[in-house]
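Listed here are the chains, written in short residue letters.
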Amino acid sequence: WTSPTNDGELAAFVTYAAAFPDSFLCLIDTYDTLMSGLRNFIAVALVLDDLGHVPRGVRLDSGDLSYLSMEVEKAFLRMAKHFRRKFFKDLDIVASNDINEEVLHSLNKQGHRITVFGIGTNLVTCQAQPALGCVYKLVEVGGKPRIKLSQDIEKVLIPGRKVPDRL
């Protein structure tokens, strides 16, 4: 690989692996799923394996879950062959992101390599009385604005503190 990955994401994965070496499962779609998250996961997973730990897998929470899961599996199989590491063949690919019956049917129709589905809100919420989906986004630290960069334009934030108004 010649393109750089996100250093902050790599640092987060390393810290997470140090804290939970036997349950290392990373959300890889924070910045760029295939060019950063997956590559950072693979790097840390190789080190964990060297240290005698078995990584668990990756989680996808946005984007084209079918396509991404198939690309992730291809990468895992390439790594298993290239590095001669069997554990890559046993990693889970977890999918979440408002999974419901319709999404499951669509994924099955398209084809996918997802091994675990995270079904939360749609499992415990009546669709006639839907829940409010929320995501926390950090925009400022110590009075200094912060921006999240991502290939998905809807994930990029305007940095700095916000002042909400009630209408």
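Note: the structure precedes this text.
A quick note: this is a predicted structure, and the numbers were derived from the prediction, not measured. (Residues numbered from 1 in each chain as written. Predicted model: local features only at pLDDT ≥ 70, side-chain atom pairs only at ≥ 80, totals over all residues. Heavy atoms only, no water.)

Visitor: Tell me what's going on with the overall build of the protein chain, and back it up with residues and numbers.
Guide: Helix and strand content of the protein chain: five helices and six strands. Its helices and strands in sequence order give the protein chain the pattern α-β-α-β-α-β-α-β-α-β-β, from N to C terminus. With respect to the three principal axes, the spread of C-alpha positions in the protein chain is 60 × 40 × 30 Å. For the protein chain, the proportion of its 167 residues judged to be buried stands at 32%. The long-range share in the protein chain, meaning contacts at least 24 apart out of those at least 6 apart in sequence, stands at 59%. Accessible area of the protein chain: about 11100 Å², with a carbon and sulfur share of 56%. Each charge sign in the protein chain was given a centre, from 20 positive and 20 negative side chains, and these centres are 4 Å apart. (Helix = DSSP H or I, 4+ residues; strand = E, 2+ residues; numbered from the N terminus. Buried < 20%, exposed > 50% of the residue type's maximum accessible area, 1.4 Å probe, protein only. Contact = heavy atoms within 4.5 Å. Areas by Shrake-Rupley, 256 points an atom, 1.4 Å probe, with all protein chains shown as cover. Lys, Arg positive; Asp, Glu negative; His and termini not counted. Charge placed at Lys NZ, Arg CZ, Asp CG, Glu CD.)

Visitor: Please set out a nonpolar patch on the surface residue by residue, giving values where relevant.
Guide: A contiguous nonpolar patch, built from Ile119, Leu123 and Val124 and spanning about 310 Å² of accessible area, is present on the exposed surface. Among the structural elements, Val124 can be located in helix H5 (residues 121–124). Residue classification places Val124 among the exposed positions, given a relative accessible area of 69%. (Patch = residues over 30% accessible without salt bridge, like charges linked within 9 Å, V, L, I, M, F, W, Y side chains within 5 Å. Salt bridge = Lys/Arg side-chain N within 4 Å of Asp/Glu carboxyl O.)

Visitor: So what about the pattern of salt bridges? Which residues, and what values?
Guide: By the definition in use, this model includes six salt bridges. Here Asp61 makes a salt bridge to Arg59, at a shortest N to O gap of 3.6 Å. Overall, Asp61 belongs to the partly exposed group, its relative accessible area being 27%. Between Arg113 and Glu73 there is a salt bridge, with the nearest N and O atoms lying 2.9 Å from each other. With Arg113 in the loop between helix H4 (101–110) and strand E4 (116–117) and Glu73 in helix H3 (residues 65–83), this residue pair connects regions lying 40 residues apart in the sequence.

Visitor: Describe in detail the packing of helix H1 (residues 7–19) against helix H2 (residues 33–50), supporting the description with residues and values.
Guide: At a minimum axis distance of 9 Å, the contact between H1 and H2 shows a crossing angle of 35°. For the element pair H1 and H2, the recorded crossing hand is right-handed. In this structure, H1 uses Glu9, Leu10, Phe13, Val14 and Ala17 to contact H2, whose residues at the interface are Ser36, Gly37, Asn40, Phe41, Val44 and Leu48. Of the residues in the contact of H1 with H2, the class split is seven nonpolar, three polar and one charged. (Axes fitted to C-alpha atoms, helices over the stretch in contact; angles between N-to-C directions. Left-handed = near helix turned anticlockwise from the far one by under 90°. Nonpolar A, V, L, I, M, F, W, Y, C, P; charged D, E, K, R; others polar.)

Visitor: Could you give an account of unusual backbone geometry, naming the residues involved and the relevant values?
Guide: A positive phi angle is found at Arg84, which is not glycine, with a value near 55°. Looking at the secondary structure, you find Arg84 in the loop between H3 and strand E3 (92–95).

Visitor: Give a description of H2 that names residues and reports values.
Guide: Taking 1.5 Å per residue, 18 residues should reach 26 Å; H2 reaches 24 Å between its end C-alpha atoms and fits that length. Of the positions making up H2, those classed as buried are Thr33, Ser36, Gly37, Leu38, Arg39, Asn40, Phe41, Ile42, Val44, Ala45, Leu46 and Leu48. Where the residues of H2 are buried, they touch H1, strand E1 (25–27), strand E2 (57–60) and H3. Looking at the residues trailing H2, positive phi occurs at Gly52, about 90°. (Expected span 1.5 Å × (residues − 1).)

Visitor: Provide a residue-level description of the sheet that holds E2, including the pertinent values.
Guide: In a beta sheet, neighbouring strands are held together by backbone hydrogen bonds and run either parallel or antiparallel to one another. Taken in spatial order, the four strands of this open sheet run E1-E2-E3-E4, and their pairing is parallel. On the outer flanks of this sheet lie E1 and E4, each paired with one strand and no other. Both E2 and E3 contribute to a ladder of four bridges, which runs parallel. Bridge assignment links Val58 to a residue of E3, and that residue is Ile93. (Pairing = 2+ DSSP bridges.)

Visitor: Explain the side chain of Ser36 to me, and be specific about the residues and the numbers.
Guide: Tracing the backbone shows Ser36 in helix H2. The class of Ser36 is buried, set by a relative accessible area of 3%. Residues within four places of Ser36 in sequence aside, it is in contact with Thr5, Asn6 and Glu9.

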